[in-house]
Amino acid sequence: MSLFHIVLKSLRQHLFSTVVTAASIALAGGLLMSVWVVKEQSRATFTQVDGGFDAVLGVRSSPVQLVLNSVFHLESSPGNIQVSDFEEIKNDPSVAIAVPLAVGDNYHGYRIVGTTPDLFTKVELAPGKTHKLAAGRVFDEGYREAVVGSFVAQRLGLKEGDEFHPHHGFAHDDDHEHEEIYVVVGVLEPSNTPADRVIWIPLEGLQLMSGHREEAENEISAVLVKFRSPIAGKMLQAKYNQPEGRLTLAWPIGTIVAQLFDKVTWLDRVLELIASLVALVATASILASIYNSMNERRREIAILRALGAHRGTIFSAVVVEAASIAALGMIAAFAVYGVIMGVVAGIVRAKTGVVLEPFAFHAVMLWAPAALIGISALAGIVPALKAYRTDVAENLVPVS
Amino acid sequence: MPLLEITSLKKSFRAPDGSQHTVLDVPIFSLEEKAQVALRGESGQGKTTFLNLIAGILKPDAGKIVLAGQEISALGEHDRDRCRASTIGYIFQTFNLLQGYTCLENVLLGMSFGPGADRAFAQALLKRVGLEDKLHHYPRQLSTGQQQRVAVARALANKPKLVLADEPTGNLDSRNATEALKLIREACRENGAALLLVSHDRDVLGQFETTLDLARLNRAISPVAK
């Protein structure tokens, strides 16, 4: 009968409170780990999303809005620029690739973006890695053809040969259906980027869509730019981002996304605080649970002492019991974490196309269990002191 | 040399009104190795306090208790615990079995803090007290007589030199009491342990060759003893 056995017996004897307190630790631990991983992985993942480009050229506006609209396909377009602006930057010797984008239509809420085939054939998402087609081919310019992102294809069941009517605006509205019919000629492989949530059509298809303004023929929403060297970014930033300029060059994309995250750092802090408080309350529940059971345990403690158990042994047993409840809770916390992260990752992917990796290792998976078990052991000191002070003779049998 | 030697032992407690109340004042007492002695004592005469002092659960205010050559009254609490775990077996009136532990686990617990758990010896003890088929039963699944037999096995689990029994038959009917007492005495004899039993039951006391009157030993309750 080791200390381990005595603790195990006590956990079984107080099974209900053990399960309840371990469950509260599981929820708190799962929440704590989820908050940390979502916070840090979102930042790390979103700041790495650039679609293979260095910058976005758009109408005079906030760089954050330009990046969100053109790279993440979120938010509304801040306005249009001229096709000539695209031609100018495309012909700049410091620019390796420039790809125009035109937005304004959707199909069942998924954004339809007009562009050129260069996006699929020349742009490298990562070194040596371009967009791959799971089926079909890239659209031909001048035709009413579409290439569908993997997520859209999966959600809407679109496949090669399917036809659809684009709808005006970014939200689906049956009353705003365009008369043109587009045919799906290709489906992209998953790229785990926002491109998975987009239906791609030729640039002129969007420019000339029925019901669009006449001027739209010579307009685009933005230009995605890849520089030949990093120094080009500084030069072109100085050229375009003039106080009275009508254009904005959002560069570098990763830094701009990081600035967006910096603006909501306070929210991270609030979430961290809430998760930490929940964890503290959970550990306090262990304290309360064991402390409240001390009256019924006094006789048991006295018997153990009468059999020769030291005060230190009794003290250690209570502390180890508190730590064990937390340890059991933290084992279950990984299941809670898996559920929370599965839901969050699903929402993030559905809303942005960005894929979080819930099961990738993160340091919080080590320090959160260690911290909760450690704090619970500390919380166990309070009832352990009560156990330590138990008067053996008084609780064993009445003094005659 | 006696197994247990007590001289000038005093113990008092603080009464609710704040005054000191002496419950035990034993000038001299001794017990030989393997002896079996019964102490007659009524309620309030300090018999449990006397046993708790010998067991090292309580520390005397004054006096000396020497058990197996070791002056336990001079030891710190930690060493008294160790001494109790290795030298003394204790049988209580209310058995004091741990309800969450099986019979076998209760007996194993009796040796865990002393010589260490010996599963085969624990099983042999339970077989000796006639509970070989109840090893994995919990105390609540046993009759009171059976519970006391587990308590006897547990008291002998650490191979003690001295077994203290505090009204061990007080919760048993007369048939079970007779059997339990016989078992305690035989088991102590077989294991080479001395037995010091306190009781107020004449039938129990009548079965011992040596019976002492606590009222005569304890000057705190008997001016005659002074």
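What counts and what doesn't
- Residues numbered from 1 in each chain as written.
- Chains lettered and ligands numbered in written order.
- Predicted model: local features only at pLDDT ≥ 70, side-chain atom pairs only at ≥ 80, totals over all residues.
- Helix = DSSP H or I, 4+ residues; strand = E, 2+ residues; numbered from the N terminus.
- Rg over C-alpha atoms; globule rule 2.2 N^0.38 Å.
- Buried ≥ 20, exposed ≤ 12 C-beta atoms within 10 Å, placed from the backbone.
- Contact = placed C-beta atoms within 7 Å.
- Nonpolar A, V, L, I, M, F, W, Y, C, P; charged D, E, K, R; others polar.
- Arc of directions from axis to C-beta.
- Core = buried A, V, L, I, M, F, W, Y, C linked by C-beta atoms within 7 Å.
- Axes fitted to C-alpha atoms, helices over the stretch in contact; angles between N-to-C directions.
- Parallel < 35°, antiparallel > 145°, perpendicular 65-115°, else oblique.
- Left-handed = near helix turned anticlockwise from the far one by under 90°.
- Domains from an automatic or database assignment.
- Pairing = 2+ DSSP bridges.

## As for the overall build of chain A
Looking only at helices and strands, one finds 14 helices and 13 strands in chain A. Whereas a compact globule of 400 residues would reach a radius of gyration of roughly 21 Å, chain A reaches 30 Å, over 25% beyond that. Over its C-alpha atoms, taken along the principal directions, chain A stretches across nearly 105 × 45 × 40 Å. Out of the 400 residues in chain A, the part that is buried amounts to 46%. Sequence-distant contacts, at least 24 apart, represent 79% of the contacts inside chain A between residues at least 6 apart.

## Notes on the interface of chain A and chain B
With 18 residues of chain A at the interface, the matching set in chain B holds 33 residues. If you list the elements that add at least two residues to the side of chain A that touches chain B, you get helix H1 (3-13), helix H11 (294-306) and helix H14 (392-396) of chain A. In the side of chain A that touches chain B, the residues fall into 10 nonpolar, four polar and four charged.

## Side note on H1(A)
Residues spaced three or four apart along an α-helix face the same direction, because each turn holds 3.6 residues. All names here are of chain A. Here H1 has its buried residues at Ile6, Val7 and Ser10. Mapping the buried residues of H1 onto a view down its axis gives an arc of 95°, with all of them on the same face. The exposed set on the far side of H1, more than 90 degrees from its buried face, consists of Phe4 and Arg12. Contact partners of the buried residues in H1: helix H12 (311-352).

## A look at the nonpolar core
In terms of nonpolar packing, the biggest core is built from 120 residues, with Ile25(A), Ala322(A), Val107(B), Leu162(B), Val163(B) and Leu164(B) touching the most fellow members. Tallying contributions element by element places H12(A) first for this core, with 14 residues. With 66 residues, the next largest nonpolar core counts Leu66(A), Leu119(A), Ile199(A) and Leu247(A) among its residues.

## Points about the packing of helix H3 (residues 103-112) of chain B against helix H5 (residues 144-155) of chain B
How two helices pack is summed up by the angle between their axes together with the distance between the axes. All names here are of chain B. Contact geometry of H3 with H5 gives a least axis separation of 8 Å together with a crossing angle of 30°. With respect to H5, the element H3 is oriented roughly parallel. The hand of the H3/H5 crossing is right-handed. Every residue of H5 that contacts H3 at Cys103, Asn106, Val107 and Gly110 is listed here: Val150, Ala153, Arg154 and Ala155. Looking at side-chain class alone, the contact of H3 with H5 contains five nonpolar, two polar and one charged residues.

## Focus on the domain arrangement of chain A
Residue and element names in this part refer to chain A. As far as domains go, chain A holds domain 1 (3-47 + 264-396) and domain 2 (55-251). Its C-alpha centre places domain 1 at a distance of 49 Å from the equivalent point of domain 2. The interface is formed by four residues belonging to domain 1 together with nine residues belonging to domain 2. Its residues assigned to classes, the side of domain 1 that touches domain 2 comprises two nonpolar, two polar and no charged.

## Concerning the pairing of strand S4 (residues 110-115) of chain A
Along a regular strand, successive side chains alternate from one face of the sheet to the other. Residue and element names in this part refer to chain A. Counting buried residues along S4, six of its six residues qualify, which places the element largely inside the surrounding structure. Examined bridge by bridge, strand S3 (residues 95-107) and S4 share four bridges and lie antiparallel to one another. Among the inter-strand pairings, Asp105 is bridged to a residue of S4, identified as Ile112. In textbook terms, the turn of a hairpin is the stretch between consecutive antiparallel strands, and for S3 and S4 this stretch comprises two residues, one of which, His108, has a positive phi near 55°. The sheet contact formed by S4 and strand S10 (residues 199-202) spans four bridges and is parallel.

## Examining unusual backbone geometry
Apart from glycine, the bulk of residues carry a negative phi angle, and the bulk of peptide bonds sit in the trans form. A cis geometry characterises the amide bond from Trp251(A) onward to Pro252(A), with omega recorded as -10°. When you line up the elements, Pro252(A) lands in the loop between strand S13 (247-250) and helix H9 (253-263). Residues other than glycine seldom take positive phi values, yet Phe95(B) does so here, at roughly 70°. Mapped onto the secondary structure, Phe95(B) falls in the loop between strand S6 (88-91) and H3.

## Topic: the sheet that holds strand S4 (residues 62-67) of chain B
Here four strands make up an open sheet; going across it, the order is S2-S1-S4-S5 (chain B) and the pairing antiparallel. Each edge of the sheet is formed by a strand with only one pairing partner; in this case those strands are strand S2 (20-31) and strand S5 (70-71) of chain B.

## Some remarks on the sheet that holds strand S9 (residues 210-213) of chain B
Residues and elements named next belong to chain B. On the basis of which strands lie adjacent, the open sheet formed by five strands has the order S6-S7-S8-S3-S9 and parallel pairing. Looking at strand neighbours, the two that pair on one side only are S6 and S9, the edges of this open sheet. With direction set aside, neighbouring strand axes in the sheet form an average angle of 20°. Where strand S3 (residues 36-40) and strand S8 (residues 194-199) come together, five bridges link them in parallel fashion. Considered in S8, the bridge of Gln36 is made with Leu195. Packing of helix H1 (residues 47-55) onto the sheet brings it into contact with S3, S6, strand S7 (162-166) and S8, and relative to S7 it is tilted by some 155°.

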